[in-house]
Amino acid sequence: MTNITTVYDCSIIELPINHREKGNLTVVENEKEVPFNVQRIYYLYDIPGGESRGGHAHKELRQLIVAASGSFDVILNDGNIKRVFTLNRSYQGLLVVPGIWRELDSFSSGSVCLVLASHAYDEMDYLRDYESFLKWRANLNLKKI
Ligand code: TYD
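In this text, all values refer to a predicted model and were calculated from it rather than measured experimentally.

1. Description of the nonpolar core
Core analysis: the largest hydrophobic core is formed by 27 residues, its most contacted members being Leu 64, Ile 65, Phe 72, Val 74, Leu 76, Leu 94 and Cys 113. Of all elements in the fold, only strand S6 (63–69), strand S7 (72–77), strand S8 (82–87), strand S9 (92–96) and strand S11 (112–117) reach the threshold of two or more residues within this core. With four residues, S6 is the largest single contributor of residues to this core. Judged by nonpolar contacts, the second largest core, of seven residues, contains Ile 4, Leu 127, Trp 136 and Leu 140.

2. Notes on the pattern of salt bridges
A full pass over the atoms with the stated rule returns two salt bridges. One salt bridge in this structure joins Glu 123 and Arg 128, with 2.6 Å as the shortest N-O distance.

3. Digging into the sheet that holds S6
Read across the sheet, five strands follow the order S1-S9-S6-S11-S4 without closing on themselves; strand pairing throughout is antiparallel. Each having just a single partner strand, strand S1 (11–14) and strand S4 (40–44) make up the two edges of the open sheet. Taken over all neighbouring pairs, the strand axes of this sheet differ in orientation by 25° on average, direction set aside.

4. Some details on the site of the ligand
Close to the ligand lie Arg 40, Tyr 42, Leu 44, Arg 53, Gly 54, His 56, Tyr 121, Tyr 126 and Arg 128. A distance of 3.4 Å is found between an oxygen atom of the ligand and a side-chain nitrogen or oxygen belonging to His 56. Here Arg 128 contributes a side-chain N or O atom positioned 2.9 Å from an oxygen atom of the ligand. For the ligand, whose free accessible area comes to 530 Å², the fraction covered by protein is 61%.

5. Remarks on the UniProt feature "domain: Sugar 3,4-ketoisomerase QdtA cupin" (unreviewed entry) in the chain
UniProt's entry tags residues 9–136 with the feature "domain: Sugar 3,4-ketoisomerase QdtA cupin" (unreviewed entry), counted in the numbering of this structure. Along residues 9–136, the helical share is 5% and the strand share 45%, with 18 Å between the first and last C-alpha atoms.

6. Things to note about the sheet that holds strand S12 (residues 126–127)
With antiparallel pairing, five strands are arranged side by side in an open sheet as S8-S7-S10-S5-S12. Bordering the open sheet on either side are S8 and S12, each of which pairs with just one other strand.

7. Quick notes on unusual backbone geometry
Positive phi, close to 65°, is recorded for Glu 31, a residue that is not glycine. With respect to the helices and strands, Glu 31 occurs in the loop between strand S3 (23–25) and S4. Here the phi dihedral of Ser 106 falls at roughly 55°; this positive angle occurs in a residue that is not glycine. Residue placement: Ser 106 occurs in the loop between strand S10 (101–105) and S11.

8. Considering the packing of aromatic side chains
For the structure on display, the rule yields six aromatic pairs. Aromatic pair Trp 101 and Tyr 130: ring centres 5.1 Å apart, planes at 80°, arrangement edge-to-face. Taken together, the positions of Trp 101 in strand S10 and Tyr 130 in helix H1 (residues 130–144) put the pair 29 residues apart, joining distant regions of the chain. Judged by relative accessible area, Trp 101 falls into the buried class, the value being 7%. Ring plane angle 40° and centroid distance 5.6 Å describe the contact between Tyr 130 and Phe 133, whose orientation is recorded as tilted.

9. Remarks on a nonpolar patch on the surface
A surface patch of nonpolar side chains, about 360 Å² in accessible area, is lined by Ile 41, Tyr 43 and Tyr 45. Residue position: Tyr 45 is located in the loop between S4 and strand S5 (53–58).

10. Focus: the state of the cysteines
Enumeration according to the criterion identifies zero disulfides in this entry. Free cysteine Cys 10: the closest other cysteine sulfur is in Cys 113, separated by 14 Å. Judged by relative accessible area, which is 1%, Cys 113 ranks as buried.

About the thresholds
- Residues numbered from 1 in each chain as written.
- Predicted model: local features only at pLDDT ≥ 70, side-chain atom pairs only at ≥ 80, totals over all residues.
- Heavy atoms only, no water.
- Core = buried A, V, L, I, M, F, W, Y, C linked by side-chain atoms within 4.5 Å.
- Buried < 20%, exposed > 50% of the residue type's maximum accessible area, 1.4 Å probe, protein only.
- Helix = DSSP H or I, 4+ residues; strand = E, 2+ residues; numbered from the N terminus.
- Salt bridge = Lys/Arg side-chain N within 4 Å of Asp/Glu carboxyl O.
- Pairing = 2+ DSSP bridges.
- Axes fitted to C-alpha atoms, helices over the stretch in contact; angles between N-to-C directions.
- Near = heavy atom within 4 Å.
- Polar contact = N/O pair within 3.5 Å; in protein donor to acceptor, adjacent residues only side chain to side chain.
- Areas by Shrake-Rupley, 256 points an atom, 1.4 Å probe, with all protein chains shown as cover.
- UniProt positions renumbered as here; feature names shortened; annotations may be inferred.
- Phe/Tyr/Trp six-rings, centres within 6.5 Å; stacked < 30°, edge-to-face > 60°.
- Patch = residues over 30% accessible without salt bridge, like charges linked within 9 Å, V, L, I, M, F, W, Y side chains within 5 Å.
- Disulfide = S-S within 2.5 Å.

Structure (structure tokens):
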């Protein structure tokens with residue numbers, strides 16, 4: 001990551017809806033609806049009431065987070081500013097850029113959090129300690145000057 005990201009680089013992407021009497025269909029294609037190549041998909045489900053997930057940042061990974069079912073909140077934090085997004089539509093995706101601390105909470109019963117990711121799983125890409133995350137960002141700031 002060369003540029004220092006902020007929470008304002010993260011935004012809701014409206015995904016296309018194929019309306020049918022028999023139900024809806026939403027498609028996401030690489031470099032079209034999502035501005036990266038999807039290398040990995042995972043989903044969170046059966047999340048116990050009151051539980052939170054996330055609590056980390058990524059150095060390189062970009063993600064599109066979709067409430068495939070139900071609703072939950074995504075709290076984004078760039079070390080300076082926090083933004084909270086409530087996801088509750090299957091046709092909206094939240095683009096999360098690298099260098100942003102995220103927490104997910106307030107999961108509704110039966111909700112499914114679908115994540116499209118730009119890279120394969122790599123534990124080395126995680127910043128799991130908040131103080132280390134702040135130092136990592138400060139170091140990036142120094143490099144930019
Ligand atoms: P983590 O990303 O910490 O989940 P969350 O932020 O939702 O709490 O991942 C939880 C565990 O699952 C962790 O031990 C790593 C493992 N994991 C994989 O093995 N592959 C993956 O693609 C992901 C996302 C997680």
